[in-house]
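Residue-level structure breakdown
Each chain, written out:
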Amino acid sequence: MRDVTYLRPKNLNDAVQLYKATPGCRPLAGGTDLMVMLHARTLRPEPRAVLDLWSLPELKGVRPVEGMLEIRAAESYTGIIRTPEVQRYLPALVGGARTIGAAQIQKRGTLGGNVANASPAGDTLPVLLAYDAVVVTDRRAIPIDGFFTGYRTTALQPDELITAVRFPMDRQVQFRKVGTRAAQAISKVVIAVCREPARIGIGSVAEIPLRAPRAEAALATGDLVGAVTAIAADIRPIDDVRSTAAYRRVVTQNVLAELLNQ
C-alpha cells in the first residue's frame with residue numbers, strides 16, 4: 001500500500017475545504033471499517049489521503065432540529081445507545097446499535113460511517129429505511145430511500161461529506177437481527193418494520209439495504225399474511241459464506257410474520 005496522507009481539520013468548515021481540495025481523499029470517522037479495508041487493501045481506488053473527522057465537535061451529539069431528531073455523523077453507537085432522547089424516540093435504532101460488534105466497536109463506530117460505508121449487511125441501515133431518515137450533508141438533505149445506489153455506492157458526490165442523520169420522532173419501529181451468534185456477528189438477515197406508515201427495511205438480502213414495496217403495499221391495507229407472502233418477491237438474496245439464499249428468504253418471511261403479530 002502506498003503512503004497515505006493524514007489530514008486533521010480544525011473544524012467542520014476546514015474539513016469541507018480540505019476534502020474538496022484533496023483528490024483521492026477518504027473521510028475517517030471511527031475507522032472501524034476504513035482501517036480494516038486499508039490494511040486488507042480492498043479499497044479501490046486506494047486512497048491518497050484520509051480526513052480525520054472523529055474529534056470535530058460539530059459532528060458530535062444529538063439534538064432536535066425542525067421537528068426531527070438529529071444525530072450528528074460522528075456520534076458513536078455508545079453515545080446513541082446512552083442518549084435519553086434516542087431511547088425515547090428511536091428505540092429500534094438503539095436496538096440496532098447494540099448489535100454492532102463488541103463494546104470497543106460501539107465506542108468508535110459512528111452512524112455516519114455506517115451510512116457512508118453502505119454495506120448491504122449494515123445493522124442500522126434497515127432501521128433508517130423504516131424511519132424514513134434523511135441524510136444531511138454539507139450541502140443538501142438526501143432521503144434515505146434514495147441514498148443507496150448500488151453495492152457499497154451512494155448518492156453522495158465525490159467531495160460531499162455527511163454531517164448528520166435526521167429522524168421523525170413519531171414512528172413506532174420494530175427491529176430484529178438474525179446472525180450466527182447473539183452478538184458480534186455479521187447479519188444473515190436484518191429487518192425493521194413500521195406499521196404506520198407502512199415501512200419495511202431489510203438488510204443482507206440484496207446488494208443494497210432496501211425497502212420492500214410489495215410487502216409495504218399489503219401492510220398498508222392491513223393484509224399481514226399478504227405482506228409476509230409478498231416480501232419474498234421484494235428481496236434478492238444470494239448464497240455466501242454466512243448463509244444460503246433459500247435460508248434468507250424463509251427467515252425474512254418468518255421474522256416479518258413474528259414482528260407483525262407482536
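Summarised in this report is the structure supplied together with it. (Residues numbered from 1 in each chain as written. Predicted model: local features only at pLDDT ≥ 70, side-chain atom pairs only at ≥ 80, totals over all residues. Heavy atoms only, no water.)

Bringing the pattern of salt bridges into the picture now. Overall, the coordinates contain 18 salt bridges when judged by the stated rule. Note that Arg211 is salt-bridged to Glu216, the shortest N-O span being 2.5 Å. Since its relative accessible area comes to 19%, Arg211 is described here as buried. Across the pair Asp234 and Arg214 runs a salt bridge, and its minimum N-O distance is 3.0 Å. Of this pair, Asp234 sits in helix H10 (residues 224-234) while Arg214 sits in helix H9 (residues 213-220), and the two are 20 residues apart along the sequence. Using a relative accessible area of 48% as the deciding quantity, one classes Arg214 as partly exposed. Several salt bridges converge on common partners, so that one network encompasses Asp132, Asp145, Arg171, Arg199, Arg211 and Glu216. (Salt bridge = Lys/Arg side-chain N within 4 Å of Asp/Glu carboxyl O. Buried < 20%, exposed > 50% of the residue type's maximum accessible area, 1.4 Å probe, protein only. Helix = DSSP H or I, 4+ residues; strand = E, 2+ residues; numbered from the N terminus.)

We now examine the packing of aromatic side chains. Evaluated as defined, the whole model comprises two aromatic pairs. A ring pair is formed by Tyr131 and Phe167, whose centres lie 5.8 Å apart and whose planes are at 90°; its orientation type is edge-to-face. Taken together, the residues Tyr131 in helix H8 (residues 125-131) and Phe167 in strand E10 (residues 162-168) connect sequence positions 36 residues apart. Note on accessibility: Tyr131 and Phe167 belong to one class, buried. Ring centres 5.3 Å apart and planes at 90° place the aromatic pair Phe147 and Phe148 in the edge-to-face group. Exposure class is identical for Phe147 and Phe148. Each is buried. We note Lys60 situated over the ring of Trp54; from NZ or CZ to the ring centre the distance is 3.4 Å. When the ring centre of Tyr247 is taken as origin, the NZ or CZ atom of Lys188, which lies over that ring, is 5.2 Å away. (Phe/Tyr/Trp six-rings, centres within 6.5 Å; stacked < 30°, edge-to-face > 60°. Lys NZ or Arg CZ within 6 Å of the ring centre and 35° of its normal.)

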